[in-house]
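# Remarks on the overall topology
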Amino acid sequence: MDIDPTVSTIREESDEAEAVNILKVLPVDCIAKVLSLTTPADACRSSLVSTSFKLVAESNAVWDCFVPPESDYLFNNSSSSSSSSSLPISSKKELFLYLCHHPLLIHDGKLQ
């Protein structure tokens, strides 16, 4: 018995379309929670899935989980201040990337 390869391809396309439709109905908070349980690299990769994933993957809700809680004062000061000494940061993702390249000492210089 020969199996028609086009039938298999049609099923695969149908499965992919169904998966995309499921992603469209997921609440944004649910997607953000899932992405926050991954790694920063995976959160970035997930932005390639769809435009809605991209918006969630770049949201502060996701990146807040990747930056240390002690860095909140940096984000709050840089986003609300317009002084020339403030950091060029407008999102938690930018704060994460900044801290990757410019580590700060915290806890009285005991942690980086």
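These numbers were taken from a predicted model, which means no experiment stands behind them.

## With respect to the nonpolar core
Counting 15 residues, the largest nonpolar core has Leu35, Val56, Val62, Trp63 and Phe66 as its most contacted members. Of all elements in the fold, only α2 (28–36), α4 (51–57), α5 (60–63) and α7 (92–101) reach the threshold of two or more residues within this core. Every residue in contact with valine 56, bar those within four places of it in the chain, is listed here: Val28, Ile31, Ala32, Leu35 and Val62.

## Observations concerning the side chain of serine 46
Note that serine 46 resides in helix α3 (residues 40–46). Not counting the four nearest positions on each side in its chain, serine 46 is found in contact with Leu35, Phe53 and Ala57.

## With respect to the pattern of salt bridges
Taken as a whole and judged by the stated rule, the model has 4 salt bridges. For arginine 45, the salt bridge identified is with aspartate 42, shortest N-O distance 2.6 Å. Within this pair, arginine 45 and its partner aspartate 42 are both found in helix α3, separated by 3 residues, close to a single helical turn. Salt-bridge contacts for glutamate 58 lead to lysine 93; the nearest nitrogen and oxygen are separated by 3.8 Å. Highlighted residues: glutamate 58 in the loop between α4 and α5 and lysine 93 in helix α7, separated in sequence by 35 residues. By relative accessible area, which is 33% here, glutamate 58 ends up partly exposed. Connected via shared salt-bridge partners are Lys54, Glu58 and Lys93.

Calculation criteria
- Residues numbered from 1 in each chain as written.
- Predicted model: local features only at pLDDT ≥ 70, side-chain atom pairs only at ≥ 80, totals over all residues.
- Heavy atoms only, no water.
- Core = buried A, V, L, I, M, F, W, Y, C linked by side-chain atoms within 4.5 Å.
- Buried < 20%, exposed > 50% of the residue type's maximum accessible area, 1.4 Å probe, protein only.
- Helix = DSSP H or I, 4+ residues; strand = E, 2+ residues; numbered from the N terminus.
- Contact = heavy atoms within 4.5 Å.
- Salt bridge = Lys/Arg side-chain N within 4 Å of Asp/Glu carboxyl O.

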